[in-house]
Amino acid sequence: MNISMEAPTTLSFDSTESQDMIAKMCRDFTAKEIKPKMMDWDESQEFPVEVFHKMGALGLMGILVPEEYGGAGLGYGEYITAIEEISKVDGSIGLSLAAHNSLCTNHILTFASEEQKRKYLPKLASGEWIGAWGLTEPNTGSDAGNMRTVAVKDGDYYVINGAKNFITHGKSGNVAVVIVRTGEVGDSHGMTSFIIEKGHPGFTSGKKENKLGMRASETAELIFSDCRVHKSQMMGKEGDGFVQSLKILDGGRISIAALSLGIAQGAYEAALEYSKVRQQFNQAISKFQGISFKLADMATKIEAARLLTFRAGDLKNKGKSVNKESAMAKLYASEVAVDVANEGVQIFGGYGFTKDFPAEKYYRDAKLCTIGEGTSEIQKLVISRCLLK
Ligand SMILES: Cc1cc2nc3c(=O)[nH]c(=O)nc-3n(C[C@H](O)[C@H](O)[C@H](O)COP(=O)(O)OP(=O)(O)OC[C@H]3O[C@@H](n4cnc5c(N)ncnc54)[C@H](O)[C@@H]3O)c2cc1C
């Protein structure tokens, strides 16, 4: 083979026209609808439902949902871009947007029957309804396969008893996808997923968490007390639920990587601007190598996180397995978000410790990224299992 006769390979890292359009739309939206109110929501822990209805009107609540079910019919490039742009301003709204799209809505899109899809997706994709997704329980987080919430078959019904905790939109969600035990403890095929609507008898919400960060994203308990659910609300077959969840988390982790990327980018941009105007020793602090090297590290790590995130998104668009790649993107981007937000506070000095500047909020919000949808330790477990198989 003569290497010089090969056509040059195109390596494109440019954003597409539709990504650029989504980014601009999200920037306009955050400037008008989120930025002016986000610190009030953060202070009062208000989940601003109306913002999600408005994002629905823009197509952001059903980004990955095909147009025939009322969605925007876009791919992971646009999805990552939207989550990043929203999270650059407010991680809470980014987290809720990611949970709605990637968990509840995508579980229904991927595993529901045609009838279920027609019933639920248009409402979720339009933002008329907000979705929740319940896997975690008080005693089983990383070890979700050991869940204790049970569904016992009774004719054409299943009777559910137990509780799920830390559920995003646990109170305000109009519909929840819940994964419950229908078989033996420890059997990965002993769990089943159901779609349950708010207000269904026996299904209520419990304690709302008072959180360090992501305070405008609602996190609450789901409680099931002799909750009778018809078998037509099951997704797939009995026993499929846990395996479905792992596949959903593979995609979800790309959205948490995008969320991390947004928080890191926001924290970096705020610190960069501040470093150019803050004067100490008669010069801008950006002139000190101690500060400029921090900025160089921050920017480089963000760029590396972005490449991993879009790489995972590209594979997902192509229908390939992203088990390892989404875990790598989530692991790296979330740790970068914490690191960059920490350095951001440092660059702001004492002002970074106050609520007059955005650095402290990025710092508080970033930490969730290394925990939600699988902790950093669990991502390492997923990655190492892929490497050693
Ligand atoms: C704001 C927020 C929103 C959330 N939203 C949702 C949601 O919408 N739906 C949902 O189902 N869940 C949700 N969660 C739950 C989240 O996914 C879990 O908190 C997470 O998976 C960790 O579980 P845990 O909190 O029980 O921690 P644990 O599993 O108890 O872990 C505690 C520590 O032990 C470590 N650890 C555990 N197992 C291992 C191991 N095998 N090897 C090494 N270290 C290990 C962990 O990494 C962690 O450091 C949310 C959580 C938060 C905080």
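The structure under discussion appears in the preceding block.
Undergrad: Please give an account of the overall build of the protein that cites residues and values.
TA: When helices and strands are tallied, the protein shows 11 helices and 10 strands. Relative to a compact globule of 389 residues, whose C-alpha radius of gyration would be 21 Å, the protein shows 22 Å and is just as compact. On the principal axes, the C-alpha backbone points of the protein span a range of 80 × 65 × 40 Å. The buried share of the protein, taken over its 389 residues, is 53%. Intrachain contacts of the protein at a sequence separation of at least 6 include 75% that bridge at least 24 residues. Of the roughly 17600 Å² of accessible surface on the protein, a fraction of 54% belongs to carbon and sulfur atoms. One way to put it: in the protein the 45 positive side-chain charges average out to a point 2 Å from where the 48 negative ones average out.

Undergrad: Describe the packing of helix 4 (residues 76–89) against helix 5 (residues 91–111), with residues and values.
TA: Between helix 4 and helix 5, the least distance of the axes is 6 Å, while the angle of their chain directions is 150°. Between helix 4 and helix 5, the interaxial angle falls into the category roughly antiparallel. Contacts between helix 4 and helix 5 pair Tyr-76, Tyr-79, Ile-83, Ile-86, Ser-87 and Val-89 from the former with Gly-91, Ile-93, Gly-94, Leu-97, Ala-98, Asn-101, Ser-102 and Asn-106 from the latter. Along the lines of polarity and charge, the residues of the contact of helix 4 with helix 5 split into eight nonpolar, six polar and no charged.

Undergrad: Lay out the site of the ligand in plain terms, naming residues and giving numbers.
TA: Of all residues adjacent to the ligand, which total 18 residues, the nearest are Thr-136, Ser-142, Phe-166, Thr-375 and Glu-377. Separating a nitrogen atom of the ligand from a backbone N or O atom of Phe-166 is a distance of 2.8 Å. When the free accessible area of the ligand is taken as 980 Å², the share hidden by the protein chains comes to 65%. Of all elements in the fold, only strand 1 (131–134), strand 3 (157–168) and helix 11 (376–388) reach the threshold of two or more residues within the shell around the ligand. Tallying contributions element by element places strand 3 first for the shell around the ligand, with three residues. Grouping the amino acids of the shell around the ligand by side-chain chemistry returns seven nonpolar, eight polar and three charged.

Each value, and the rule that gives it
- Residues numbered from 1 in each chain as written.
- Predicted model: local features only at pLDDT ≥ 70, side-chain atom pairs only at ≥ 80, totals over all residues.
- Heavy atoms only, no water.
- Helix = DSSP H or I, 4+ residues; strand = E, 2+ residues; numbered from the N terminus.
- Rg over C-alpha atoms; globule rule 2.2 N^0.38 Å.
- Buried < 20%, exposed > 50% of the residue type's maximum accessible area, 1.4 Å probe, protein only.
- Contact = heavy atoms within 4.5 Å.
- Areas by Shrake-Rupley, 256 points an atom, 1.4 Å probe, with all protein chains shown as cover.
- Lys, Arg positive; Asp, Glu negative; His and termini not counted.
- Charge placed at Lys NZ, Arg CZ, Asp CG, Glu CD.
- Axes fitted to C-alpha atoms, helices over the stretch in contact; angles between N-to-C directions.
- Parallel < 35°, antiparallel > 145°, perpendicular 65-115°, else oblique.
- Nonpolar A, V, L, I, M, F, W, Y, C, P; charged D, E, K, R; others polar.
- Near = heavy atom within 4 Å.
- Polar contact = N/O pair within 3.5 Å; in protein donor to acceptor, adjacent residues only side chain to side chain.

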